[in-house]
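Below are the chains, spelled out letter by letter.
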Amino acid sequence: MSDKVRLSPQQWLRTIGTMLAGLIRDGWKLLISLPVRGWNFAESWLLDSKKARYGISVSRIVFGVTGLGLLLTNFRTRLYSFGSGSVWNDEVANIKSDFPKIWIFSSFHNAITNDAAYTALYILLMLLAVLVILGWRTKIVLPIYFVLWVSFIEANDMIGDQGDNMYRIALFFFLFADVSGRWSLDARRRRKNGTQRILPREISNLFHNLVLVILTAQVSFVYVSGALYKAGGTPWSGGYAIYNPLSTERFGTWPFLTELITTWAPLVAFLTVGSMIMQMCFPLMLLTRPTRIIALIAIMSFHIGIGVTMGLPWFSLTMIAIDFIFIRDRTWKGLLDRIHGGYREARSEVEGPDAPRDAESEGASEKPMKTGKSTQKKAPTGDRDPEKTDAPAEEERELVPTPTLASRPRTRASGSTRIRKTGTAPAS
C-alpha cells in the first residue's frame, strides 16, 4: 500500500488560490460574453425569420369575427345605440372622445344624424370585417378597416369598454405585421403569382417580430396591472369578488350558470384567488413550454368564463385572439398534420385502398420523388429570397400537410422501418 500524499499548508493555499482564480476568470469571461450572446440571439430572433405566422393569422381571423359579430348583433339597434337615436346623450354636441375631432376618424360622427349615410358606413364596415377574415388584400383593407372601426367605436363613448381599447391598440400594430401570411387569400395568391417584395427581408421580419414583442408586453401589462389592482381590494383579497357582479342583473346574464357557480363558497374563493394568481404569473409562465401551455389554457378558460357568464363575448374574443400569438408554428403544423392524416385514413377506410386520389394529394406524393439534380437546377442564384424559395414549400405543406410516418412509403431492411430516400429533404 502506498502512503497517502499529504499537502503542506502552503500547497493547500496554492491549490485553493488556483481554483478561485480559475472560477473568477471563467465567471468574468461568462459575464463579458453575456451581452454579446444576448445581442446575437436578439439579432437572430428578430431578423432571420418571421415568428408566430400561424398564430397572428388566427388573431387576424378572430379579430375580424369579433368586429363582424359586434356589428351583426347590433344591426337592428344600430340607429338607437350608435346613430341618431343616441343624440340625447350629448355626444354630438359635446364630444367626449378626442378621436372624432380628428378628420380621418370623424366619418361616423359626422353621419350620426343622417340615417342613410350612417347605415351605408355601417354596412361598409361589415364588408371590410369579412375581407379581414378572408385575408384579401390585407395591406390595403386593414388600414381602411382600422380607420373606420376607430371612427365607429369612438363616436359614442358611453357604450365602449376596455375591450375596445385593446382591439384598437392591437389592430393598429397589426398594420406592421404579416397577418395574412397563412390561411388567407393573400397567401394563396402569393403561392400562385409569387411575392413582390417592397421592403428588404430583414426589415420586414423586424417589423413583424417587433409587433409580437409589443403585443406580448401590452397583454402582460394588462394582466399584471389588473392583478395588482384586484389584490388591493377587499372583495378580491377576501375571496368573494366574482360573486358580486354575477349576482347583478346586468352581468348575471345566465341565472342558471350564476347559481351553479356561486352556490359553493370554496369554488367562488378558488376562482377569485386563482384568477389573480394566474394574471400575475402569466408573463413568467410564457418563458417555458410546459408552463406556457398551462398559462394559455388557464387564461383562455378565464376569458371564456367571462364571455359566457357575464355577457362580454367581444371583450373575451379580443383577448383570446391576442393570446393566440403565443402558440408556436410547430404546434399549428402538427395539428394540421394530425387532422389531414385522420382525414386520409377515414377516407381510405370508406373508399378502399384502390380508390382514385384527388389531384392535390397525388401532386403532394409526386413532388418528393424529384431528383436532387433537378432541385438544384431550379434553385435561384445570388441573394436568396426565402419567400420565393423556402416559403412556397412551407405554404404548400400548409395546404397538404406532411404525411405521418404511418402513411409514408416504407422499405424493410434488417427488421427496421426507414423512410425512402428522395432528392429533397423530408419535411419536419
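Conventions adopted
- Residues numbered from 1 in each chain as written.
- Predicted model: local features only at pLDDT ≥ 70, side-chain atom pairs only at ≥ 80, totals over all residues.
- Heavy atoms only, no water.
- Helix = DSSP H or I, 4+ residues; strand = E, 2+ residues; numbered from the N terminus.
- Buried < 20%, exposed > 50% of the residue type's maximum accessible area, 1.4 Å probe, protein only.
- Phe/Tyr/Trp six-rings, centres within 6.5 Å; stacked < 30°, edge-to-face > 60°.
- Core = buried A, V, L, I, M, F, W, Y, C linked by side-chain atoms within 4.5 Å.
- Contact = heavy atoms within 4.5 Å.
- Axes fitted to C-alpha atoms, helices over the stretch in contact; angles between N-to-C directions.
- Parallel < 35°, antiparallel > 145°, perpendicular 65-115°, else oblique.
- Left-handed = near helix turned anticlockwise from the far one by under 90°.

Structurally, Phe-221 is set in helix 9 (residues 201-231). Look at Phe-221 and you get exposed, because its relative accessible area is 57%. The spacing of Phe-221 and Met-280 is 59 residues in sequence and 9.7 Å in space, taken between C-alpha atoms.

Here the focus is the packing of aromatic side chains. Per the stated rule, a full pass over the model turns up 20 aromatic pairs. Centre to centre, the rings of Tyr-54 and Trp-183 are 5.1 Å apart; their planes meet at 70 degrees, and the pair counts as edge-to-face. You can see Tyr-54 sitting in helix 2 (residues 53-73) and its partner Trp-183 sitting in the loop between helix 7 (162-174) and helix 8 (185-193), a full 129 residues away along the chain. Here Phe-172 and Phe-176 contribute two aromatic rings whose centre-to-centre distance is 5.5 Å and whose plane-to-plane angle is 75 degrees, an arrangement assigned as edge-to-face.

One finds Tyr-145, Trp-149, Phe-152, Leu-171 and Phe-282 to be the most contacted residues of the largest nonpolar core, which totals 74 residues. Beyond its immediate chain neighbours, meaning those up to four positions away, Trp-149 contacts Gly-67, Leu-70, Leu-71, Leu-125, Tyr-167 and Leu-171.

Residue placement: Ser-275 occurs in helix 13 (residues 265-285). Look at Ser-275 and you get buried, because its relative accessible area is 5%. With residues near it in sequence (within four places) discarded, Ser-275 still touches Trp-236, Phe-270 and Phe-302.

Assignment of secondary structure puts Ser-184 in the loop between helix 7 and helix 8. Classification of Ser-184 as buried rests on a relative accessible area of 10%. Every residue in contact with Ser-184, bar those within four places of it in the chain, is listed here: Arg-60, Leu-134 and Gly-135.

The next point concerns the packing of helix 14 (residues 289-309) against helix 15 (residues 313-323). The geometry of helix 14 relative to helix 15 is characterised by a closest axis approach of 8 Å and an angle of 165 degrees between their N-to-C directions. Taken as axis vectors, helix 14 and helix 15 run roughly antiparallel relative to one another. Handedness of the crossing formed by helix 14 with helix 15: left-handed. When helix 14 is examined against helix 15, the residues Leu-296, Ile-299, Met-300, His-303, Ile-304, Ile-306 and Gly-307 are found in contact with a partner set consisting of Pro-313, Phe-315, Ser-316, Met-319, Ile-320 and Asp-323.

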